[in-house]
Structure formats: C-alpha cells, structure tokens
Amino acid sequence: MTFMTENSALLSPAAYVEAVTTAVAASAAYYGDGTTPLGDDEYDGLLRAIAAYEEAHPDEVLAESPTGKVAGGAAQGDVPHSVPMLSLDNVFDADELAEWAAGLERRLGRPVAAWCVEPKLDGLAIAARYRGGRLVQVLTRGDGLAGEDITHAADAVLGLPPVLTEPIDVELRGEVLLTTAQFEEANRIRLAHEATPFAHPRSGAAGTLRAKDRPYRIELTFFAYSAIGLDDLGHVALLERLAALGANTAASTAAAPMRCETVEQVQERIDVIAGLRTELPFGIDGVVVKADTAEDQRQAGNGSRAPRWAVARKLAAEHKVTRLLAVEWNVGRTGIIAPRAVLEPVVIDGVTVTYATLHNPSDITRRGLMIGDQVFVYRAGDVIPRVEAPLADQRTGAESPIVFPEACPRCGDAIDTSEQRWRCVRGRSCQAVASVIYAAGRDQLDIEGLGGTRAIQLVEAGLVKDIADLFTLTREQLLGLERMGETSTTNLLAAIETARGAALSRVFCALGVRGTGRTMSRRIAAHFGSMAAIRAADADTLAGVDGIGTEKARVIAAELLELAPLLDRLQAQQVGTQVTEPQKPAADASDGEDDSAGGPLAGQAVVVTGSMTGPLAVLSRNEMNELIERAGGKASSSVSKRTTLVVAGEKAGSKRTKAEELGIRILDPEEFAALVAGLLPTT
Ligand code: IVH
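Position numbers for residues count from 1 along each chain, tracking the sequence in the order it is written. Residue-level local features of this predicted model are given only where pLDDT is at least 70; pairs of side-chain atoms are given and counted only at 80 or more, and the full residue set underlies all totals for whole chains, interfaces and linings. Each side-chain value is derived from all of the structure's non-hydrogen atoms; neither hydrogens nor water enter the calculation.

Caption draft 1: Here's a closer look at the sheet that holds strand 2 (residues 89-91). Only strands that DSSP links by at least two bridges are regarded as paired with each other. Here a helix means four or more residues in a row that DSSP labels H or I, a strand means two or more in a row labelled E, and each is numbered from the N terminus. The strand order 2-12-11-3-10 describes an open sheet built from 5 strands, whose pairing is mixed. The open sheet has two edge strands with one neighbour each: strand 2 and strand 10 (258-260). Going from strand to strand, the sheet's axes swing by 35° on average, the running direction of each strand aside. Of the pairings in the sheet, the one linking strand 2 to strand 12 (residues 310-314) comprises 3 bridges and is parallel in character. Whenever a helix is involved, its axis is fitted only over the stretch in contact; in every case the axis is a line through C-alpha atoms, and angles between N-to-C directions fall within 0 to 180 degrees.

Caption draft 2: A look at the site of the ligand. A cutoff of 4 Å decides nearness: a residue is near a molecule or strand if any of its heavy atoms lies inside that distance of it. For the ligand, the set of nearby residues contains 14 residues, the closest of which are E118, K120, R141, E175 and K290. Definition of a polar contact: a pair of N or O atoms within 3.5 Å, with one able to donate and the other able to accept a hydrogen when the atoms are protein atoms, and with sequence-neighbouring residues admitted only if both atoms are side-chain atoms. Within the side chain of Y225, one N or O atom sits 3.2 Å away from an oxygen atom of the ligand. At 2.9 Å, a side-chain N or O of K290 approaches a nitrogen atom of the ligand. Residue assignment for the shell around the ligand shows that the elements contributing at least two residues are strand 3 (115-121) and strand 11 (284-291). With 4 residues, the top contributor of residues to the shell around the ligand is strand 3. Think of it as three bins: nonpolar holds Ala, Val, Leu, Ile, Met, Phe, Trp, Tyr, Cys and Pro, charged holds Asp, Glu, Lys and Arg, and polar takes everything else, Gly as well. Of the residues that constitute the shell around the ligand, the class distribution is 8 nonpolar, 1 polar and 5 charged.

Caption draft 3: Structural context of the sheet that holds strand 22 (residues 605-609). Strand order in this open sheet of 4 strands is 23-22-24-25, and the pairing throughout is parallel. Here the strands that pair on one side only, and so sit at the sheet edges, are strand 23 (634-636) and strand 25 (665-667). Within the sheet, the average angular offset between the axes of one strand and its neighbour, ignoring direction, is 30°. It only takes one pair of heavy atoms within 4.5 Å for two residues to be counted as in contact. Its contacts with the sheet place helix 22 (residues 621-630) against strand 22 and strand 23, and it is angled at close to 160° to strand 22.

Caption draft 4: Main features of the packing of aromatic side chains. Working definition: a ring pair exists when centres of Phe, Tyr or Trp rings (six-membered ring for Trp) sit within 6.5 Å. Plane angles under 30 degrees give stacked, over 60 give edge-to-face, the rest tilted. Counted according to the given criterion, the structure contains 7 aromatic pairs. Seen in terms of ring centroids, F404 and W422 are 5.5 Å apart; in terms of plane orientation they differ by 80°. Their pairing is edge-to-face. Taken together, the residues span a long stretch of sequence, with F404 in the loop between strand 19 (400-401) and strand 20 (415-416) and W422 in the loop between strand 20 and strand 21 (423-424) at a distance of 18 residues. Throughout this description, buried means an accessible area under 20% of the type-specific maximum (1.4 Å probe, protein chains only), exposed means over 50%, and partly exposed covers the range between. A residue is classified by how much of its surface remains accessible, and W422, at 13% relative accessible area, is buried. These aromatic residues form a ring-pair network of at least three members: W329, F404 and W422. In this structure, R48 is placed above the aromatic ring of F92, and the distance from its NZ or CZ to the ring centre is 3.7 Å. Each ring is checked for a lysine NZ or an arginine CZ that lies within 6 Å of its centre and within 35 degrees of its normal; such an atom marks a charge sitting over the ring. A cation over an aromatic ring shows up here: R340 above the ring of Y355, its NZ or CZ 3.6 Å from the ring centre.

Caption draft 5: Geometry of the UniProt feature "binding site: NAD(+)" (unreviewed entry) in the chain. UniProt positions are given in the numbering used here, feature names are shortened, and annotations may be inferred rather than shown by experiment. Taken from the UniProt record, the annotation "binding site: NAD(+)" (unreviewed entry) applies to D40, D41, E42, Y43, D44, S87, L88, E118, R141, E175, K290 and K314. Judged by maximum C-alpha separation, these annotated positions cover 275 residues in sequence and are scattered in space, the widest gap reaching 25.8 Å. Looking at where Y43 falls in the secondary structure, it is placed in helix 2 (residues 40-56). Residue contacts for Y43: discarding those within four places in its chain leaves A23, A26, S27, L38, P66 and G72.

Caption draft 6: Structural context of the pairing of strand 9 (residues 220-228). Direction of pairing for strand 7 (residues 157-158) relative to strand 9: parallel, over a ladder of 2 bridges. Opposite L158, over in strand 9, you have T221 as the bridge partner. Bridging between strand 8 (residues 170-177) and strand 9 involves 7 bridges; their strand directions are antiparallel. Each bridged residue has a counterpart across the sheet, and for L172 the counterpart in strand 9 is A227.

Caption draft 7: How the structure looks around unusual backbone geometry. Even without being a glycine, E194 presents a positive backbone phi close to 60°. By the element assignment, E194 lies in the loop between helix 4 (180-192) and helix 5 (201-210). Despite not being glycine, H359 shows a phi value in the positive range, around 55°. Within the secondary structure layout, H359 lies in the loop between strand 15 (351-357) and helix 9 (361-367).

Caption draft 8: Highlighting the environment of A237. Within the fold, A237 resides in helix 6 (residues 235-244). Spatially, the C-alpha atom of A237 lies 48 Å from that of R366, the residues being 129 residues apart in sequence.

Caption draft 9: A negative patch on the surface, seen in detail. The grouping of D93, D95, E96 and E99 at the surface amounts to a negative patch. Along the chain, D93 turns up in the loop between strand 2 and helix 3 (94-108). Patch building starts from residues that exceed 30% relative accessible area and form no salt bridge, then joins like charges within 9 Å and nonpolar side chains (Val, Leu, Ile, Met, Phe, Trp, Tyr) within 5 Å. Accessible areas in this description were obtained via Shrake-Rupley with a 1.4 Å probe; residue shielding takes into account the shown protein chains only. Definition used for salt bridges: Asp or Glu carboxyl oxygen within 4 Å of a side-chain nitrogen of Lys or Arg. Positive charges are assigned to Lys and Arg, negative charges to Asp and Glu, while His and the chain termini are left out of the count. Note that the charge is assigned to NZ on lysines, CZ on arginines, CG on aspartates and CD on glutamates.

Caption draft 10: The confidence of the model for the chain, seen in detail. Per-residue confidence from the predictor is reported as pLDDT, which spans 0 to 100. Per-chain confidence: the chain averages 88 in pLDDT, with 93% of residues scoring 70 or above. Within the chain, the element-level pLDDT minimum falls on helix 21 (residues 586-589), averaging 42, and the maximum on strand 8, averaging 98. Contacts for the low-pLDDT stretch residues 584-596, under 50 throughout, to residues beyond four places or in other chains number 7 contacts.

In structure tokens form, the structure reads like this:
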C-alpha cells in the first residue's frame, strides 16, 4: 500500500482507484470497529489527493469515492437523525483559515458578528435524546442521516447526565472520548482481561461505545457542543446553557471556548489552544472556529456534508504510523530490564520521535509486535512516546520476531522472568557490577585487574556492593576468592591503593553521576576544587559550571544527594579528598591576556583530533584532555571560532579541515608534546 503525503498528487487513473479503495477501507475500519489502518495525517492527505484528482478529472469520479460524504461514506446506521449530523470542513493553516473566513463574510455580505473558537475533541460524535429531562436514547453519527443505537453504553459516559436539571425535551450533541487517564486505565483493564490494548484513545472510544456484554466497564467522557431544540442561542450562550443543564462542555477545560471579534483574535486563540494541547487531559485534533451568533449561522446555512458557518483548523496528529526498526533492552537501577522501541524517525506534533516505550516483554507478546512492522506511535505532550499496536494487515512477510534477551544485557547473568517486568537476578547488584566495572575503568580510577569477571566475583561474594567497598578489601578476603593468588592479590591491592589518590575529576567521574561523563567531570572538579565543595553545591551553583544547564544541574544535585552515604564512606576512606586548585571561572579565563591560571596552554581553547603518535600515543582522549587542562588550557571536542589550537594526529578529518578554514593554529602530536613536555605523565 502506498501512503500519501500531504503534497503528493495522484498521477494515474490506477493510482486514483487504489487511493479510493484504500480510503474507503480505512474509513470503514475507522467507523466500524474503531481500528485505523492509516494515521489521521495519512488519511487526510489521501483524501486531499483524491479530491485534487477528481477536480482535474471530473469524469473519472468513482461512485464510492469518500469525498463529500459524512464519515467518508462508510458508516451505516438504522435510527434516523432528527436533523442530519454534519461533519466539518477542514483547513490546515492560517492562510486557508483566513480564506475560509473571507469566503463566509462574502457570502453573508457583511462581517461575521463574532466568532467562537473551541477545541476539536478527538472522539466520536453522538446524539443524546432527552424526554422530560430524562435520557432516552443515544445514537452514533452513522452516515449523518441515521445512526446506530448505543443507549446501552450511556451509563459509562461521564458528563452525559441521565437526568437534566430541567424537565425538557432536547437532543444534545457532542463528542465522546477517552481522556488520557481513561485511556490508560482502559488499557490496564484490557490487559488484565487478556484483551488487546486499544491502539489509541479514539479507537478505544469507538470500540467501547459499540461493545456489548463486555466483562468489564470502561469509562468515557462526553463534551456537548450543540443541541437540537434549544432557543436561538449564539454558540457561547448555548454552551453555557448546556452546562447549566448538567452536561459537560469544554468550558470546564483550560482550552475553553472563547468569543473573538476579529480573525486575528481567532488566529491568536488557535495558537493558544494548540500550545495548550500537550497539557490537556484529553486529545484534540484541531480547533473549531464557528460563527457565534444564531443569525449568522442561520444565514450561512449548511451544505450536505458540513455547515458553512464552522470549520475545523486541523492540527498535526499525535498518532503516527512508522516502522519498528529494533528493540533495545535497557537495565534500570533496580535491575529491571525494559524494552525500548527504536523507530524510523517520525515527526509527531512537531517533535521527532525515534524511541518509544514498550512496557514489558509480555506486553510485546500480547500486542503481537514484530521487527519491521508498521506501528501506531502515540505521543501526547510530555508523555513518553509509546508504541500502541502493529498494523498487522500491512505486513509484507519480511517482518521478523522480536528476540528477547536470554541473559542480562548489562552484567550477563540470568534473567528472572517470573514477573511481568523482567529483572536481572542480581537485582540492584547488577548495577553494582556495572558500576564497579565503570569506576575501575581507565578514565576513572584506572584499577588494573578489576575487569568484568573480577567485579562479578567480588559482588557475588558479598565483598563489594558499591565502589566504596573496594577500598576496605583486605588481603585475606581477596585470597579467599577463587583464582586469586598471592601475586594477583598484591597487584590488585596496589592498584586500589593508587586509585585512592586519584585526581578529583576521576573520582567524581567514577561515581557515574547521571549527565556527567569524563569532560563534565573534569569541568566540575576544576570548578569546585574539592569533593566537599562539589557536595556543598546546590543546583544553582552547579548551573554555573560551563556546559551545565538548569535541567542537568537539577539532575546532578539530586544524584549527589542520593549518593551522600556513598560519598561519606569514600571520604572516610580518604578517596577523592585530594584538592584540585579551582580554575578561574571560564568567563574570565577566556578574555586571555593576563590569565593567572598559568601553564604553557594558559588561555588556550584546545581541540584534539585524529590518533596521537610519539609520546602522546599512550594517552586516551580523556588523558589528553586532562593534560591540556593541567597545562592551563581548556579542552573541548568541537572546533569553533573560539578554538585557538588544534592538535591534529593521524587520520584527522573534518575537525582539521574546519580548523584550516578558520585559520586556527594546528600542531602535530610531536610539536604539541614538546609544548607540554614538563607535564607529560611519567608512566
Ligand atoms: S461542530 C454542525 N464542534 O469533529 C456542527 N464538532 O471532523 C458540526 N468535533 O463531526 C460539528 N469537536 O464529531 C463541532 N467543538 C466541536 C467539535 C466537533 C469535535 C467533531 C464532530 C464532527 C467532527 C468533524
């Protein structure tokens, strides 16, 4: 199947026929069981392409074409509506909206008296009939002329009162949807009943309204936006009346309907509602603009499909269809092994989504996902994007099963699969093994002889739970371990002893504080000068370090607090107590001239690229950067106008080229080694 993009044109009669077939099938599924083989944007794009083709080739228009029909011609029902339930025409940007408004004013022969701007709720239209103030029948929109009787579903719909505050005959119209919270609850319930979870809130609402005899109850929410049988009220006044009768309306939300005098004000309000979208507790797929007064509405009248006095300004969909490329397995602090979907990047509501959560392995199995599947991805606001469901009917046969890990991806030990959420059998100590291995690494404490196997052994024997425990290990304890002879023990203890005196930046790096790698650790150490000063820093102070933004500062401050007991123990062991002379704040250092930090690289911003040769060949990149900073310079990884010196080794590529372009001084490793000769490590 071909997906249409918004601008794609149908080039041949065959492509047109295929497009119509696809759209009719999608529409039938959508208004049938609520499933959606196409994302909203794809469906809208397809419809626009079909309409454009039909305009250019009027003799080829197929009878079953979805254009100009309510519900794309798909929905059927058997209870006639009192007054047709119309759809809305769409506009997709500010220009189209302005054009539409101008067209309406031309038709009226005068300006529209007032506009009303309100959210376009992403659910299903219903008509709720009241007699003497009592709810007697609820209908779906169906084909707009007749709908299906879904009265049985009414008592699960919040905001649709069984009895109004006045004993009147009236038909309320509005949208039924699952709020975000209701959607989540619905899927919890569905999974508990071994039912497939809903792909997204709207299909969940559609399925729930139609369902009979479900062994569980799923609550929905109603928002009224129109009525048959109330006085000639303007739209804003009508909404007030509906609320007074006891119905829920969007007036109860942050995106409340608002009267606007001019089209400019309308645009502004649209922007406000669009901006609120992510915070709203329910989905909207656009903003509806209506002529407010009853007189304007009456005079503009209705077309067969949509009123002429209202239009939907569509917003980009929060659901998109994309491909599931891979599944990654990440191990959390407590040993929980969580799957994460890697997606073909897709822009959802302005944000490029590449990863999405997949809850847990049994969830993957229940959803029947496969690598290569087209999947529905949902992202609303700050909610972490998630994969809802595969589009199984679009499989090509090239999909492959998702392979579940057989061993913990972090420490390699067994996985406890007895619960829904898989967990490394080591639980929290899986983290211990990983964090000990990290801390002992070359750029951290550089403890030779403390690799993977040894770390597992130490943790397993109960000798080491975190890195502070390394410094209390005794000769007897080590000798008691398998494959630990005298020599290895002596060497390991000596390496640990050396690490006790490691530079502050390395000890800090060894802690594995989130958001701090080697570079950031060196900056933090240089900025504060001692572990005590780092620990005394709050988020504001941390944000004063070059490269730490407010968000990262908060994370680091919180991590430090959490690490307090470990830091206390390290301090008691005299680890990381070495004091580094704090450098001058970056702002002063960069104005050059009288830099008091001293050293052969004082005031220089240095970038190292390519592989080092000569005396520098033994240094890791981190050690090179440490050297630069010892020499009074500032190390950075990318070349910019602020860079003053580039050390370019073998196979130096784009950074060297850029330095040449910018006319920055370039040294080869030997020249640089000569410059910092006195500061080279003596190993
Ligand atoms: S007014 C004659 N107002 O969007 C009045 N519709 O895509 C026609 N919808 O069929 C509807 N929010 O199901 C109106 N605030 C709102 C709406 C709204 C959502 C739905 C409704 C309509 C569909 C058209």
